[in-house]
Amino acid sequence: MLSGFCDGSDYCLRTNKSKSMYPYFKQAKRPIVVGSWFLTGYYISLVGVSLILVWLGTFKFTPTEAHAIQPLVESHPFMSWLYLFLSTQDVSNVIGAVEITTGIFILCAPFHRFFRVFAGVAIFITFATTLSFLFTIHSSWRVVDGVPVVDFFILKDFVFLGFGLMIFQLPRSLTYN
């Protein structure tokens with residue numbers, strides 16, 4: 001499993017003496033092996049994000065969640081139009097289907113570039129939209145005991161968004177295709 005190349009010493013990692021577009025790596029004689037902790041963390045994140053998306057996506061098919069997300073979706077300038085054409089449950093079902101599909105594609109991302117690209121784009125759109133709720137819902141920000149706080153369930157999406165960007169950057173040598 002490879003992520004870059006070096007000439008056998010750590011010189012190319014410690015200096016900026018490179019002619020390639022990656023300034024800290026020189027042209028290679030031997031590969032640098034990505035540590036197993038990185039890969040373990042990556043795959044735990046992959047399974048974790050996928051599990052959460054499939055779980056939450058499945059919950060979107062329930063009437064309870066459909067009514068719970070309605071104020072969020074109705075107040076969003078790019079999503080409120082959905083209620084002109086679809087019922088409350090149908091809007092929730094569409095969002096749930098997108099979340100489940102994204103979760104499945106995340107699990108498939110290591111196996112084919114198509115899944116990696118689709119999963120990365122879907123993660124970016126999904127979590128950028130969710131994070132935008134911080135600015136479209138008036139009640140998301142409030143002050144408690146003099147400290148500004150936010151609906152914390154949305155903040156997890158910063159981590160998920162970062163993971164989606166990692167999927168794009170993962171070297172091909174670390175995937176099965």
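A brief look at the structure comes next.

Looking at the overall build of the chain
Here is step 1 of the chain: Scanning the chain from terminus to terminus reveals 7 helices and 4 strands.
Here is step 2 of the chain: Counting the 177 residues in the chain, one finds 36% classified as buried.
Here is step 3 of the chain: Of the contacts made within the chain by residues no fewer than 6 positions apart, 62% connect residues no fewer than 24 positions apart.
Here is step 4 of the chain: Counting every atom, the chain has about 10,900 Å² of accessible surface; 70% of that belongs to carbon and sulfur.

Re the layout of surface pockets
Here is step 1 of the chain: Computed from the structure, the largest pocket encloses a volume of approximately 540 Å³.
Here is step 2 of the chain: Along the walls of the largest pocket sit 24 residues, with K60, I95, E99, T126 and T130 positioned nearest its centre.
Here is step 3 of the chain: Broken down by secondary-structure element, the contributors of at least two residues to the lining of the largest pocket are helix 2 (36–59), helix 3 (63–74), helix 5 (88–108), helix 6 (113–136) and helix 7 (156–169).
Here is step 4 of the chain: With 6 residues, helix 6 is the largest single contributor of residues to the lining of the largest pocket.

Focus on unusual backbone geometry
Here is step 1 of the chain: Positive phi, normally seen in glycine, also occurs at D145, with a value near 55°.
Here is step 2 of the chain: Owing to a relative accessible area of 79%, D145 belongs among the exposed residues under this scheme.

Points about a nonpolar patch on the surface
Here is step 1 of the chain: Residues W81, L84, F85, L86, V94 and V98 make up a contiguous nonpolar surface patch of roughly 630 Å² in combined accessible area.
Here is step 2 of the chain: Among the elements of the structure, helix 4 (82–85) and helix 5 are those that each provide at least two residues to the nonpolar patch.
Here is step 3 of the chain: With respect to the helices, strands and loops of the structure, V94 is situated in helix 5.

Side note on the packing of helix 3 against helix 5
Here is step 1 of the chain: It is at 9 Å that the axes of helix 3 and helix 5 come closest, and there the two elements cross at 90°. It follows from the interaxial angle that helix 3 and helix 5 lie roughly perpendicular. Contact with helix 3, carried on its side by P63, E65, A66, H67, I69, Q70 and V73, involves T88, Q89, V91, S92 and I95 of helix 5 and no other residues of that element.
Here is step 2 of the chain: Class assignment of the residues belonging to the contact of helix 3 with helix 5 gives a composition of 6 nonpolar, 5 polar and 1 charged.

Brief notes about the side chain of S92
Here is step 1 of the chain: Following the sequence through the fold, S92 ends up in helix 5.
Here is step 2 of the chain: In this structure, S92 is in contact with K60, E65, A66 and I69, ignoring residues within four places of it in sequence.

Some points on the packing of aromatic side chains
Here is step 1 of the chain: Here the structure, examined in full by the defined rule, presents 9 aromatic pairs.
Here is step 2 of the chain: Both rings, one in Y42 and one in F163, keep their centres 5.5 Å apart while their planes meet at 40°; by these two values the pair is tilted. Of this pair, Y42 sits in helix 2 while F163 sits in helix 7, placing them 121 residues apart in sequence. Like F163, Y42 is buried.
Here is step 3 of the chain: An aromatic cluster is defined as three or more aromatic residues linked by ring pairs; in this entry it consists of F105, F114, F115 and F118.

Quick notes on the pairing of strand 4 (residues 147–150)
Here is step 1 of the chain: Pairing geometry for strand 3 (residues 141–144) and strand 4, over 4 bridges, is antiparallel. Residue R142 lies in a different strand from strand 4, and its bridge partner there is V149.
Here is step 2 of the chain: Connecting strand 3 to the next strand, strand 4, in antiparallel fashion are 2 residues, including D145 with a positive phi near 55°.

Quick notes on the rules
Residues numbered from 1 in each chain as written. Predicted model: local features only at pLDDT ≥ 70, side-chain atom pairs only at ≥ 80, totals over all residues. Heavy atoms only, no water. Helix = DSSP H or I, 4+ residues; strand = E, 2+ residues; numbered from the N terminus. Buried < 20%, exposed > 50% of the residue type's maximum accessible area, 1.4 Å probe, protein only. Contact = heavy atoms within 4.5 Å. Areas by Shrake-Rupley, 256 points an atom, 1.4 Å probe, with all protein chains shown as cover. 1 Å grid on protein atoms, 1.4 Å probe; cavity = no way out; pocket = protein on both sides within 12 Å on 5 of 7 lines; lining within 4 Å. Points joined across faces, edges and corners; volume = space filled by probe spheres on them. Patch = residues over 30% accessible without salt bridge, like charges linked within 9 Å, V, L, I, M, F, W, Y side chains within 5 Å. Salt bridge = Lys/Arg side-chain N within 4 Å of Asp/Glu carboxyl O. Axes fitted to C-alpha atoms, helices over the stretch in contact; angles between N-to-C directions. Parallel < 35°, antiparallel > 145°, perpendicular 65-115°, else oblique. Nonpolar A, V, L, I, M, F, W, Y, C, P; charged D, E, K, R; others polar. Phe/Tyr/Trp six-rings, centres within 6.5 Å; stacked < 30°, edge-to-face > 60°. Pairing = 2+ DSSP bridges.

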